[in-house]
Protein chains: 2
Amino acid sequence: MNQQIKSAELHDNAASGQAGAGAGADAGTSVILAGELSSRQAEVLGVVLDLMVEEGDGFSMAKVCRRASCSKETLYNWFGDRDGLLTATVQWQASKVKMPGLAGGLVTADAFRDSLIAFATNWLTVITGDVSAALNRLAISHAGTGKSRLGEIVLKNGPLAMTGRLRPIFEIGVSSGLIELDSTDAALKTFFGLVVGDWQIRKLLGETTRPSATGIEINAARAVDQFLALYGAGQIPALFAAGNINTKPST
Amino acid sequence: MNQQIKSAELHDNAASGQAGAGAGADAGTSVILAGELSSRQAEVLGVVLDLMVEEGDGFSMAKVCRRASCSKETLYNWFGDRDGLLTATVQWQASKVKMPGLAGGLVTADAFRDSLIAFATNWLTVITGDVSAALNRLAISHAGTGKSRLGEIVLKNGPLAMTGRLRPIFEIGVSSGLIELDSTDAALKTFFGLVVGDWQIRKLLGETTRPSATGIEINAARAVDQFLALYGAGQIPALFAAGNINTKPST
DNA sequence: TTGACACAGTACCGTACGGTACGGTACATA
DNA sequence: TATGTACCGTACCGTACGGTACTGTGTCAA
């Protein structure tokens, strides 16, 4: 009778006549089929995302309907309840974020450094954006109430996804003899800290000053060079001499 | 007629007969007199804090009254409205957090390092606690709606307070010839990143795994040594040789 | 004793919101 | 043309919550 995105726990869902939703597939799994949205449904989620950015968690279902020109009944048929709508929106957005990778077995020091800088730049750009802030705010506030699993989802698509993507890059660096890691996990945490710094928490707390695109790149390059200074395999003096590290300009 | 904590904008407040509140003082300023709370008022704020930890922003005024055994009228007389109650609670809690400092003009390398480690340990302990998480969650969600100034307050008592306390410590390190900073702000950001890493965001997103006390200390020492490796004045090889930096154990 | 006062407890009110139901329309298929 | 369906728009309902008002009760001071 409906074509919900979520699992079939709450409503009986017969086979759907509509193309995009595919609600019948994998019934019983709690996986939300973020990739199988009709364009109309994606349009609605886009509206939800906009409202999240504008008003945080405060927007009402009625407001979504008004802005998206859809009926509440359709909304509830598609997403079950408000939480389902939020979950679908978060997952839909998460599925759109891509991170630059690094292919190949061995790599030069410059290429490795460039790859890390590209990664850090991308990450900082995402983190300091309004959409990311809105989603993280939503997930964080819901994590406080324990009433939904949004925190888990954002965590999985945020920090954990970052380390997951970064780990193979690190491995390439190790096997190329460019870095030495005592503990990969600790190194990942260090890299995260050096790149993100206090940007994210300040953004989440509402600070409006945003770094420019070039500011982000400079910050990313600085963080990467600091990381390489800490973990680089025997090339630290070279990096220092190259002026990549923030020593005094006079030096 | 009342003895509000907040500014006198909303309600007429005559001279108060009650000792602790002191609402009449400095009327017109929007400063909230967090230090001038009666014990009963502090008791109520403690209940609010507990509820924040337990339920996030979802708790109701009625629930506060029930748990604190006070009437709603009293609550509203004291704090104006719900937002005033939240603000008073946040400021009251913020006023309780103290950070270790560092006195004296010149200092040895060991004492400086110990001081930084103590600072980082303290900060990490606060950050990973439930109370801090609850307050940050509250402020972050309110920052999204733009309906209160909690984000600003927490920002001021969080990251900004940390850098404010840390800056004089850095200056002592510089004047003692222990560290060299090209940009103090950048160094503060680096220190923040190295210490906090992804602990805070993961905690805020609901991850339950908390580091132990010794784990925090190890993390803090590691972060400080990494910081000193990056900014130490000519002592980097010594630090490396001392095994303070996380090179491979075999090295 | 009497009054002022701070406070607890509770009933009450207005409203906003989540969720449901229903009528109407467009379209597709037979 | 007839039927089913996916959807929009909207009226509706129950509830929960913020905020107010009122009724006690204990305390302190004159």
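Computed from a predicted model, the values in this text were never measured in an experiment.

## Section: the overall build of chain A
Line of reasoning, step 1. From N to C terminus, chain A includes 12 helices and 0 strands.
Line of reasoning, step 2. Beginning at the N terminus, the succession of helices and strands in chain A can be written as α-α-α-α-α-α-α-α-α-α-α-α.
Line of reasoning, step 3. Looking at chain A as a whole, 42% of its 251 residues qualify as buried.
Line of reasoning, step 4. For chain A, long-range pairs separated by at least 24 residues make up 58% of all intrachain contacts whose partners lie at least 6 apart in sequence.

## Regarding the relation of the copies chain A and chain B
Line of reasoning, step 1. Structural alignment of chain A on chain B gives an RMSD of 0.0 Å, achieved by rotating through 180° and translating 0.0 Å along the axis. The symmetry that links the two subunits is that of a two-fold axis. Looking at the rotation axis and the C-alpha trace of chain A, the residue lying nearest is G193 of chain A, at 2.0 Å.
Line of reasoning, step 2. By residue overlap, the copies meet face to face through one surface: 100% of the interface positions of chain A are interface positions in chain B.

## Considerations on helix 1 (residues 39–55) of chain A
Residue and element names in this part refer to chain A.
Line of reasoning, step 1. Between its first and last C-alpha, helix 1 extends 24 Å over 17 residues, near the 24 Å set by a 1.5 Å rise per residue.
Line of reasoning, step 2. Every buried residue of helix 1 is accounted for by Q41, V44, L45, V47, V48, L51 and M52. Down the axis of helix 1, the buried set is contained in an arc of 155°. They therefore lie on one face.
Line of reasoning, step 3. Once helix 1 ends, the next one or two residues include G56, with phi positive near 70°.

## Quick look at the nonpolar core
Line of reasoning, step 1. Core analysis: the largest hydrophobic core is formed by 64 residues, its most contacted members being A120 and V195 of chain A together with A120 and V195 of chain B.
Line of reasoning, step 2. Of all the secondary-structure elements, those providing two or more residues to this core are helix 5 (109–127), helix 8 (159–175), helix 9 (184–196) and helix 11 (213–231) of chain A together with helix 5 (109–127), helix 8 (159–175), helix 9 (184–196) and helix 11 (213–231) of chain B.

## A few points about unusual backbone geometry
Line of reasoning, step 1. The backbone of S69 of chain A shows a phi angle near 55°, a positive value even though the residue is not glycine.
Line of reasoning, step 2. Structurally, S69 of chain A can be placed in the loop between helix 2 (61–68) and helix 3 (72–79).

## A word on the packing of helix 4 (residues 82–94) of chain A against helix 6 (residues 130–145) of chain A
Residue and element names in this part refer to chain A.
Line of reasoning, step 1. Packing of helix 4 against helix 6 leaves a shortest axis separation of 11 Å and a crossing angle of 140°. It follows from the interaxial angle that helix 4 and helix 6 lie oblique. Regarding helix 4 and helix 6, the two cross each other, and that crossing is left-handed. In contact with L86, V90 and Q93 of helix 4, helix 6 contributes V131, L135, L138 and A139.

## So, the confidence of the model for chain A
Regions with low pLDDT carry predicted coordinates that are not meant to be interpreted in detail.
All names here are of chain A.
Line of reasoning, step 1. Across chain A, the average pLDDT comes to 83, with 79% of residues at 70 or higher.
Line of reasoning, step 2. Of the regions scoring below 50 in pLDDT, residues 6–34 engages in 57 contacts with residues more than four places distant in sequence or in other chains.
Line of reasoning, step 3. In the predicted structure, residues 236–251 sits below a pLDDT of 50 and forms 21 contacts with residues beyond four places in sequence or in another chain.

## Side note on the packing of helix 9 of chain A against helix 9 of chain B
Line of reasoning, step 1. Where helix 9 of chain A contacts helix 9 of chain B, the two axes come as close as 7 Å, and the packing angle between them is 150°. Taken together, the axis directions place helix 9 of chain A and helix 9 of chain B in an arrangement best described as roughly antiparallel. Read as a crossing pair, helix 9 of chain A and helix 9 of chain B show a hand that is right-handed. Contacts from T190, G193, L194 and V196 of chain A of helix 9 of chain A reach helix 9 of chain B at T190, G193, L194 and V196 of chain B.
Line of reasoning, step 2. The residue inventory of the contact of helix 9 of chain A with helix 9 of chain B, partitioned by class, reads 4 nonpolar, 4 polar and no charged.

## Some words on helix 5 of chain A
Residue and element names in this part refer to chain A.
Line of reasoning, step 1. The end-to-end C-alpha distance of helix 5, which contains 19 residues, comes to 27 Å, matching closely the 27 Å that a straight helix rising 1.5 Å per residue would cover.
Line of reasoning, step 2. All of the buried residues in helix 5 are F112, R113, L116, F119, A120, T121, W123, L124 and I127.
Line of reasoning, step 3. Residues of helix 5 that are buried sit in contact with helix 6, helix 8, helix 9, helix 10 (199–204) and helix 11.

## A few points about the environment of E207 of chain A
Line of reasoning, step 1. Note on placement: E207 of chain A falls in the loop between helix 10 and helix 11.
Line of reasoning, step 2. Not counting the four nearest positions on each side in its chain, E207 of chain A is found in contact with R202 of chain A together with L155 of chain B.

## Here's the deal with the environment of K203 of chain B
Line of reasoning, step 1. Structurally, K203 of chain B can be placed in helix 10 (residues 199–204).
Line of reasoning, step 2. Note: C-alpha distance between K203 of chain B and T145 of chain B (58 residues apart in sequence) is 22 Å.

## Here we look at the environment of C70 of chain A
Line of reasoning, step 1. Here C70 of chain A lies in the loop between helix 2 and helix 3.
Line of reasoning, step 2. Here C70 of chain A falls in the partly exposed class, since 17 other C-beta atoms lie within 10 Å of it.

So, how was this worked out
- Residues numbered from 1 in each chain as written.
- Chains lettered and ligands numbered in written order.
- Predicted model: local features only at pLDDT ≥ 70, side-chain atom pairs only at ≥ 80, totals over all residues.
- Helix = DSSP H or I, 4+ residues; strand = E, 2+ residues; numbered from the N terminus.
- Buried ≥ 20, exposed ≤ 12 C-beta atoms within 10 Å, placed from the backbone.
- Contact = placed C-beta atoms within 7 Å.
- Least-squares fit on C-alpha atoms with pLDDT ≥ 70 in both.
- Expected span 1.5 Å × (residues − 1).
- Arc of directions from axis to C-beta.
- Core = buried A, V, L, I, M, F, W, Y, C linked by C-beta atoms within 7 Å.
- Axes fitted to C-alpha atoms, helices over the stretch in contact; angles between N-to-C directions.
- Parallel < 35°, antiparallel > 145°, perpendicular 65-115°, else oblique.
- Left-handed = near helix turned anticlockwise from the far one by under 90°.
- pLDDT = per-residue confidence, 0-100.
- Nonpolar A, V, L, I, M, F, W, Y, C, P; charged D, E, K, R; others polar.

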